[in-house]
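# Chains, contacts and geometry: an overview
Chain by chain, the residues run as shown.
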Amino acid sequence: MNTPSPHLFVATSLASARDAGRSVFVTAQDGLRLHVREYGTRTALGLPVVCLPGLARTVADFDVLAPALANDGGHSRRVIAIDSRGRGQSEYDSNPENYNVAVELADVVTVLTALGIGAAVFVGSSRGGILTMLLGVAHPTAVAGVVLHDIGPVIEPKGVARIKGYVGKLPQPRSFAEGAEILRRLQSAQFPKLSAEQWLAAAQRTWKMDDGELAPTYDVHLARTLAGFDIERPLPPLWNEFGALARVSLLVIRGANSDILAVATVAAMQARHPQMQVIEIADQGHVPILEGEDLLRRLAQFVAGCERDRAKPVLRSSVFGQRQA
């Protein structure tokens, strides 16, 4: 996946002392236009980082993390964040049936190919983490390290039921301040200590101004992806897909209040991947906010460690039984 694609449009760069990123648009395999936020330079020597948001989330979730990793104490690397189809600035699909992990995985591969990104560290947030595990099976050489952001092979039914209850069903606020109050009432059990400023920022990531009114930052037809979920029938576990990450460095971020990723699941993951690192964020649920000096520092250290591992000239076994450098 190193040959740049002609189906690529780069918007005007937003230059500033702090890398604000630039918008790139890639044409998917079916012609739909996908939005990517790109940070750093394409000639940076560091290992690229690819950020994949959750089900109804956008690249805005990485507005703090992405520039911090792109310019980590003078060590530059390329960072991209991808809006899945129907989210953020990516086009909405006229067929909501295409909002599935198979199509979205193909979209990720298309973006990597178009932007000439080979091996990278993936930060997969919730559904983005599921896509990362699937990518580890389909294209193992593309994955050089993984951060699973409040997601694992076992997804708790209670959390899925909670998400099903609001995706595509949120009230339409008259202002971002009203939206912040809606989110606070809905999610305060998961995030009991967020400040008013943090709730307002969450509202600005959840709604956008559209023709003078606030609208969700995603296609409300995404709700169909959860229509068939039954809390009495848990989702199939992804242990085989998780096993595809055995050969790479792995970091798990869990919100202490998460109802998606259980403590027992993290323990089982660590038993299968003994070198796995774990960060638990107090007083936050699904998904923890990717901000704060300590968390950003630890994530930068993890990515730097993946770069060092990548540079080692030792042979390691892949999950497919092949030997590779």
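A short tour of the structure in this document, coming up. (Residues numbered from 1 in each chain as written. Predicted model: local features only at pLDDT ≥ 70, side-chain atom pairs only at ≥ 80, totals over all residues. Heavy atoms only, no water.)

All right, on to the overall build of the protein then. Secondary structure summary: the protein contains 9 helices and 15 strands in total. Relative to the globule expectation of 20 Å for 325 residues, the C-alpha radius of gyration of the protein, 19 Å, shows essentially globular dimensions. Across the protein, contacts joining residues at least 24 apart in sequence account for 73% of those joining residues at least 6 apart. When the accessible surface of the protein is summed, it comes to about 14,700 Å², and 54% of that surface belongs to carbon and sulfur atoms. (Helix = DSSP H or I, 4+ residues; strand = E, 2+ residues; numbered from the N terminus. Rg over C-alpha atoms; globule rule 2.2 N^0.38 Å. Contact = heavy atoms within 4.5 Å. Areas by Shrake-Rupley, 256 points an atom, 1.4 Å probe, with all protein chains shown as cover.)

By volume, the largest pocket amounts to about 980 Å³. Around the largest pocket, the lining comprises 43 residues; the ones closest to its centre are L55, S126, R127, I163 and L226. Those elements that place two or more of their residues in the lining of the largest pocket are α3 (127–138), α4 (157–164), α5 (176–187) and α6 (196–206). In terms of residue count, the dominant contributor to the lining of the largest pocket is α6 (4 residues). Counted by class, the lining of the largest pocket contains 29 nonpolar, 8 polar and 6 charged residues. (1 Å grid on protein atoms, 1.4 Å probe; cavity = no way out; pocket = protein on both sides within 12 Å on 5 of 7 lines; lining within 4 Å. Points joined across faces, edges and corners; volume = space filled by probe spheres on them. Nonpolar A, V, L, I, M, F, W, Y, C, P; charged D, E, K, R; others polar.)

Following the criterion strictly, the structure yields 1 aromatic pair and no others. We note R33 situated over the ring of F25; from NZ or CZ to the ring centre the distance is 3.9 Å. (Phe/Tyr/Trp six-rings, centres within 6.5 Å; stacked < 30°, edge-to-face > 60°. Lys NZ or Arg CZ within 6 Å of the ring centre and 35° of its normal.)

Taken as a whole and assessed by the stated rule, the structure comprises 1 cavity of 30 Å³ or more. Put simply, the largest cavity is a space of about 40 Å³. Around the largest cavity sit L34, I82, D83, S84, R85, E104, D107, V108 and L131, which together line it. Broken down by element, the residue count for the lining of the largest cavity peaks at 3 residues, all from helix α2 (residues 101–114). Residue composition of the lining of the largest cavity, by class: 4 nonpolar, 1 polar and 4 charged.

Relative to strand β11 (residues 213–216), strand β10 (residues 207–210) runs antiparallel, the two being bridged by 4 bridges. Counterpart to K208 in the pairing with β11 is A215. Hairpin connection between β10 and β11: a loop of 2 residues separates the two successive antiparallel strands, and D211 in this loop has a positive phi of roughly 55°. (Pairing = 2+ DSSP bridges.)

Positionally, L55 belongs in the loop between β4 (49–52) and α1 (65–70). Distance in space between the C-alpha atoms of L55 and Q190 is 17 Å, their sequence separation being 135 residues.

Here we come to the state of the cysteines. Scanning the entire structure with this criterion turns up 0 disulfides. C51 takes part in no disulfide bond, and the closest cysteine sulfur, belonging to C306, lies 13 Å away. (Disulfide = S-S within 2.5 Å.)

Turning to unusual backbone geometry, a few remarks are in order. Residue H286 is joined to V287 through a cis peptide bond whose omega torsion reads -10°. Among the structural elements, V287 can be located in the loop between β13 (277–281) and α9 (293–311). Even without being a glycine, D283 presents a positive backbone phi close to 60°.

Right, let's get into the environment of W199. With respect to the secondary-structure elements, W199 resides in helix α6. The class of W199 is buried, set by a relative accessible area of 6%. When the C-alpha positions of W199 and G179 are compared, they lie 8.6 Å apart, and in sequence the two are 20 residues distant. Look past the residues within four positions of W199 in its chain and what remains in contact with it is A180, L183, R184, Q187, S188, F191 and L194. (Buried < 20%, exposed > 50% of the residue type's maximum accessible area, 1.4 Å probe, protein only.)

This next bit is on the environment of G136. Secondary-structure assignment places G136 in helix α3. Each C-alpha atom of the pair G136 and K158 lies 27 Å from the other, and the pair is 22 residues apart in sequence.

Within the fold, R247 resides in the loop between α7 (239–243) and β12 (250–255). Among buried charged residues, R247 stands out as having no salt bridge; its nearest opposite-charge side chain is D309, 11 Å away. At 3.1 Å, the side chain of R247 forms a polar contact with the backbone oxygen of V143. (Lys, Arg positive; Asp, Glu negative; His and termini not counted. Salt bridge = Lys/Arg side-chain N within 4 Å of Asp/Glu carboxyl O. Polar contact = N/O pair within 3.5 Å; in protein donor to acceptor, adjacent residues only side chain to side chain.)

Since the α-helix advances by 3.6 residues per turn, residues separated by three or four positions end up pointing in the same direction. Here α3 is 12 residues long and its end C-alpha atoms lie 16 Å apart, about the 16 Å a rise of 1.5 Å per residue gives. Burial analysis of α3 places 10 of its 12 residues in the buried class, the great majority of the element. All buried positions along α3 are accounted for by R127, G128, G129, I130, L131, T132, M133, L134, L135 and G136. Looking at the buried side of α3, the elements it contacts are β4, α2, β8 (120–125), β9 (143–149) and α7. (Expected span 1.5 Å × (residues − 1).)

In short, the description is geometric, and any link to function would need to be established separately.
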